[in-house]
Amino acid sequence: MNTVQTGKTTVTLPTYPVGPPNLNPIISPYRSEKPYPYPMRDALGDDKQDASYEALTVENDYLRVTVIPALGGKLYSALDKRNGQQLFYLNRVVKPQLVGLTGAWTSGGVEFNFPFGHRPSAMEVIETAVRQNPDGSGSIHIGEVDKVSGVRFHVELKLTPGKAYLEQTVSIHNPTPLPQRFFYWNTASYPETEELECRYPARWIIEEFSRRRQPWPYDGDVDVRMSRNIRKFSSIFTGFTDEDFFGVYDARRGVGSVHVARHREVP
């Protein structure tokens, strides 16, 4: 079709409901993050039922991208139309776990985290819009004002005619008279197999909790390039690179995904 189409649809998913928010604010002195006035959403239900979700879509000859506003504006699906495979892990059920900053959180797709993760509104309906652009491209816009700081973040996901990649632009705006602390990051999910390899052009591994650094790619005596070798329940971060990419490749399926950005602008 060599054009970009945008629209709205409905996605029905088996869903384990989250109960009413906890009325007690999170003000514990033992937490580094203070997400008040966001309430805790930790009443997880056990009774699965089908639920319908509004979804925003943008599509060209190569890719079809779907965003669900009620799941925190998460990129739910990114389908490669050439081979029928997903660019990221597609979670076909909404079953929250207590991972988010305010409790309930779901895995899969791509999660946009701001001003810290996992975002307090990970299971709330947030602002989204779909637009047909004058140059023929199409975009989904995602964003909100953080209730703690008053700072706004905005994500644009864009597909261009004839291009087989998804472009993401992130904007941060602080309308307050005070400097504010924040970080922004994506949580991109990928299906794990025995042949999934992390191809990170990094110099160091940085352990999540201790911040201890070791030369890439060994965490102690474990080669963490292969996902099957990673068995501890903590994330491995990397740092110090002179390249503008990183990615994963699944030799079993013969597919992979790569993230490209100027590393001096997006360290």
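No experiment lies behind these values; they were computed from the predicted model shown.

Novice: So, the side chain of E156: which residues are in play, and what are the values?
Specialist: As for its placement among the helices and strands, E156 is situated in strand β13 (residues 152-159). Of the side chains with opposite charge, K158 lies nearest to the buried E156, which makes no salt bridge, at 5.0 Å.

Novice: Got a sec to walk through the packing of aromatic side chains? Specific residues and values, please.
Specialist: This model, assessed by the stated rule, comprises six aromatic pairs. Residues F183 and W185 carry aromatic rings whose centres are separated by 6.3 Å and whose planes lie at 70 degrees to one another, so their mutual orientation is edge-to-face. Taken together, a centroid distance of 5.5 Å and an interplanar angle of 35 degrees make the contact between Y200 and W216 tilted. Separated by 16 residues along the polypeptide, Y200 in the loop between β16 (196-199) and β17 (204-207) and W216 in the loop between β18 (213-215) and β19 (218-219) bring together distant segments of the chain.

Novice: Please give an account of the pairing of β17 that cites residues and values.
Specialist: Burial along β17 is one-sided: the residues I205 and E207 are buried and none of W204 and I206 is. Strand direction decides the pairing type here: β17 and β18, joined by three bridges, are antiparallel. Bridge pairing in β18 places W204 opposite P215. Hairpin connection from β17 to β18: five residues lie between these consecutive antiparallel strands, with R211 at a positive phi of about 65 degrees. Direction of pairing for β17 relative to strand β21 (residues 236-239): antiparallel, over a ladder of four bridges. Residue pairing for β21: I206 is matched across the bridge by F237.

Novice: I'd like a description of the layout of surface pockets, backed by residues and values.
Specialist: Approximately 150 Å³ is the volume found for the second largest pocket. If you go around the second largest pocket, the residues you meet are T9, V11, L13, R64, T66, Y76, S77, Q86, L90 and R92. Only β1 (5-15), β5 (63-68) and β6 (74-80) provide two or more residues apiece to the lining of the second largest pocket. Here the lining of the second largest pocket takes three residues from β1, the largest share from any one element. Taken together, the residues of the lining of the second largest pocket break down into four nonpolar, four polar and two charged.

Novice: Break down the environment of F116 for me, with residues and values.
Specialist: Tracing the backbone through its elements, the reader meets F116 in the loop between β10 (110-113) and β11 (127-132). Residue classification places F116 among the buried residues on the basis of a relative accessible area of 15%. As a C-alpha pair, F116 and P35 span 81 residues in sequence and 9.6 Å in three-dimensional space. With sequence-adjacent residues up to four places away left out, F116 is seen in contact with E33, L101, F183 and W185.

Novice: Quick one: what's the story with the sheet that holds β21, residue by residue and with numbers?
Specialist: Strands sit in the order β18-β17-β21 across an open sheet of three strands; the sheet is antiparallel. In this open sheet, the two edge strands, each paired with only one partner strand, are β18 and β21. Within the sheet, the average angular offset between the axes of one strand and its neighbour, ignoring direction, is 35 degrees.

Novice: Which residues make up the sheet that holds strand β23 (residues 255-260), and what values do they have?
Specialist: Taken together, the three strands give an open sheet; going across it, the order is β16-β22-β23, and neighbouring strands pair in antiparallel fashion. Either end of the sheet is taken by a strand with one partner, and the two such strands are β16 and β23. Strand-to-strand twist in this sheet, taken as the mean axis angle between neighbours without regard to direction, amounts to 10 degrees. Where β16 lies against strand β22 (residues 245-250), four bridges are found, and the strand directions are antiparallel. Of the residues in β22, the one forming a bridge with C198 is V248.

Thresholds, definitions, all that
- As a convention, each chain's residues are numbered from 1 in the sequence order in which they are written.
- Since the coordinates come from a predicted model, pLDDT governs what is reported: local features require at least 70, and pairs of side-chain atoms require 80 or more to be given and counted, while whole-chain, interface and lining totals use all residues.
- Side-chain figures throughout are based on the complete set of non-hydrogen atoms in the structure, without hydrogens or water.
- What counts as a helix is a DSSP run of H or I of at least four residues, what counts as a strand is a run of E of at least two, and both are numbered from the N terminus.
- Each residue gets one of three labels from its accessible area relative to the maximum for its type: buried under 20%, exposed over 50%, partly exposed in between, using a 1.4 Å probe on protein chains only.
- Think of it this way: Lys and Arg go in the positive column, Asp and Glu in the negative one, and His and the chain ends go nowhere.
- One side-chain nitrogen of Lys or Arg within 4 Å of one carboxyl oxygen of Asp or Glu is enough to make a salt bridge.
- Think of it this way: a Phe, Tyr or Trp ring, Trp meaning its six-membered ring, pairs with another when their centres are within 6.5 Å, and the plane angle makes it stacked under 30 degrees, edge-to-face over 60, tilted otherwise.
- Any two strands between which DSSP finds at least two bridges are classified as paired.
- Buried and open spaces are told apart on a 1 Å grid over the protein atoms alone, a cavity being a set of points where a 1.4 Å probe fits but cannot get out and a pocket being an open set with protein on both sides within 12 Å along at least five of seven lines. Residues with an atom within 4 Å of a point are the lining residues.
- Grid points are joined across faces, edges and corners, and a volume is the space filled by probe spheres set on the points.
- Only Asp, Glu, Lys and Arg are considered charged in this grouping, and only Ala, Val, Leu, Ile, Met, Phe, Trp, Tyr, Cys and Pro are considered nonpolar; every other residue, Gly among them, is considered polar.
- By definition in these notes, contact holds between two residues if any of their heavy atoms fall within 4.5 Å.
- Comment: axis = line fitted to C-alpha atoms, over the contacting stretch for helices; angle = value between 0 and 180 degrees taken between N-to-C directions.

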